[in-house]
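A closer look at the structure
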Amino acid sequence: MQIRPVPYDHPDAVKLNDQVQLEYAERYGDDGDMTPLDAAMFTPPRGLYLLAYDERERPVATGGWRRQDTSEEGYTDGDAELKRMYVVLEARGLGLARRILALLEEDAREAGRTRMVLETGTMQPEAVALSLSSGYTPAPAKYGLYREYDTSLCYVKPLHH
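Just so we're clear, the structure is a prediction, and the values are computed from it rather than from any experiment. Throughout, a residue's number is its position along its own chain's written sequence, starting from 1. Where totals are concerned, whole chains, interfaces and linings use all residues; where local detail is concerned, this predicted model gives features only for residues with pLDDT of at least 70, and gives and counts side-chain atom pairs only at 80 or more. Each side-chain value is worked out from all heavy atoms of the structure, with water and hydrogens disregarded.

1. Overview of the side chain of Lys83
Our working rule: The helix count covers DSSP runs of H or I at least four residues long, the strand count covers runs of E at least two residues long, and both are numbered beginning at the N terminus. For every residue, the accessible area (1.4 Å probe, protein chains only) is compared with the maximum for its type, and the residue is labelled buried under 20%, exposed over 50%, or partly exposed between those bounds. Pairing of N or O atoms within 3.5 Å defines a polar contact, subject to two protein rules: one partner must be a possible hydrogen donor and the other a possible acceptor, and residues neighboring in sequence count only if both atoms are side-chain atoms. Throughout, a residue-residue contact means that at least one pair of heavy atoms, one from each residue, lies within 4.5 Å.
Along the chain, Lys83 turns up in strand E4 (residues 79-87). By relative accessible area, Lys83 is classed as buried at 6%. Polar contacts involving the side chain of Lys83 include one to the side chain of Asp33, which spans 3.2 Å. Filtering out sequence-adjacent residues up to four positions away, Lys83 remains in contact with Asp33, Thr35, Leu37, Phe42, Gly63, Gly64 and Arg66.

Printed below as a string of structure tokens:
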């Protein structure tokens, strides 16, 4: 597997983003994650977007981080927010999400971010398990577009330099 940076609006990124949105919609019975995102948010040094490709050059996993600072949505100065962590069904269980997560944490740390944050939901037990097993803890306060929802779960991890 090769993991490489791509723009958030790269055709392969768009393809996987469409797939993850369908999965969110199926799991939650809604229209998917409506958080406004654009490619500029993931452009270094303000963020990074990664895609994993298999040996046949098919995109099989994705993930990104974007800079966040203190806002009315509950973020804190120095935050890096994980977005669009996703692995296609046939590539799950290979450790790709964990590898992408480690690369994103390292990049955010190098960009001067002090805390990685993520918002997931009660219908994504795989995301919760990955977060907890990777050193994330429940956030002291929820943040993001879905912070008022009962199904929203927020996690944090300090990014020590």
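2. Notes on the side chain of Glu105
Tracing the sequence through the fold places Glu105 in helix H2 (residues 96-110). Glu105 gets classed as buried once you look at its relative accessible area, which sits at 7%. Ignoring any residue separated from it by four or fewer positions in sequence, one finds Glu105 in contact with Met116, Tyr136, Lys157 and Leu159.

3. Considering the packing of aromatic side chains
In plain terms, the rule: Stacked, edge-to-face and tilted are the three classes for Phe, Tyr and Trp ring pairs, Trp counted by its six-membered ring, which pair at centre distances within 6.5 Å; planes under 30 degrees apart are stacked, over 60 edge-to-face, the rest tilted.
For the structure on display, the rule yields five aromatic pairs. For the pair Phe42 and Tyr49, a centre-to-centre distance of 5.3 Å together with 70 degrees between the ring planes defines the contact as edge-to-face. Take Phe42 and Tyr49: they sit in the same class, and that class is buried. Taking 5.4 Å as the distance between ring centres and 40 degrees as the angle between the ring planes, the aromatic pair formed by Tyr75 and Tyr143 counts as tilted. Highlighted residues: Tyr75 in the loop between strand E3 (59-68) and E4 and Tyr143 in the loop between strand E6 (137-138) and strand E7 (152-158), separated in sequence by 68 residues. One exposure class covers both Tyr75 and Tyr143, and it is buried.

4. Remarks on the nonpolar core
Inclusion rule: Put simply, buried Ala, Val, Leu, Ile, Met, Phe, Trp, Tyr and Cys residues joined by side-chain atoms within 4.5 Å make one nonpolar core.
The biggest cluster of nonpolar side chains holds 35 residues, and the ones touching the most others in it are Trp65, Leu82, Leu96, Leu104, Met116 and Tyr136. Of all the secondary structure elements, the ones that give two or more residues to this core are helix H1 (11-28), strand E2 (47-53), E3, E4, H2, strand E5 (115-121) and helix H3 (125-133). No other element matches the six residues that E2 contributes to this core. In this view, Met116 contacts Trp65, Ala80, Glu81, Leu82, Leu104, Glu105, Ala108, Tyr136, Tyr155, Val156, Lys157 and Leu159; residues no more than four positions away in its chain are not counted. If you look at the next biggest cluster of nonpolar residues, it comprises six residues, including Tyr75, Tyr143, Cys154 and Val156.

5. Digging into the pairing of E4
Rules: Pairing between two strands requires that DSSP report at least two bridges joining them. Whether a crossover is right-handed comes down to one check: with the strands pointing away from the viewer, does the path from the first strand over the helix to the second run clockwise; if it does, it is right-handed.
Within E4, eight of the nine residues are buried, leaving the element largely enclosed by the surrounding structure. Strand direction decides the pairing type here: E3 and E4, joined by seven bridges, are antiparallel. Bridged to Arg67 within E4 is Ala80. Alignment of E4 against E5, held across three bridges, turns out to be parallel. Opposite Glu81, over in E5, you have Val117 as the bridge partner. Regarding the hand of the β-α-β motif, the stretch spanning E4, H2 and E5 is right-handed.

6. Remarks on H3
Selection criterion: The directions from the helix axis to the C-beta atoms form the arc being described.
By the burial criterion, the buried members of H3 are Val128, Leu130 and Ser131. Viewed end-on, H3 has its buried residues packed into an arc of 165 degrees, placing them on one side of the element. Next to the buried residues of H3 lie E4, H2, E5 and E7. At the C-terminal side of H3, Gly135 shows a positive phi close to 95 degrees.

Everything listed here is a matter of geometry and, on its own, says nothing about what the molecule does.
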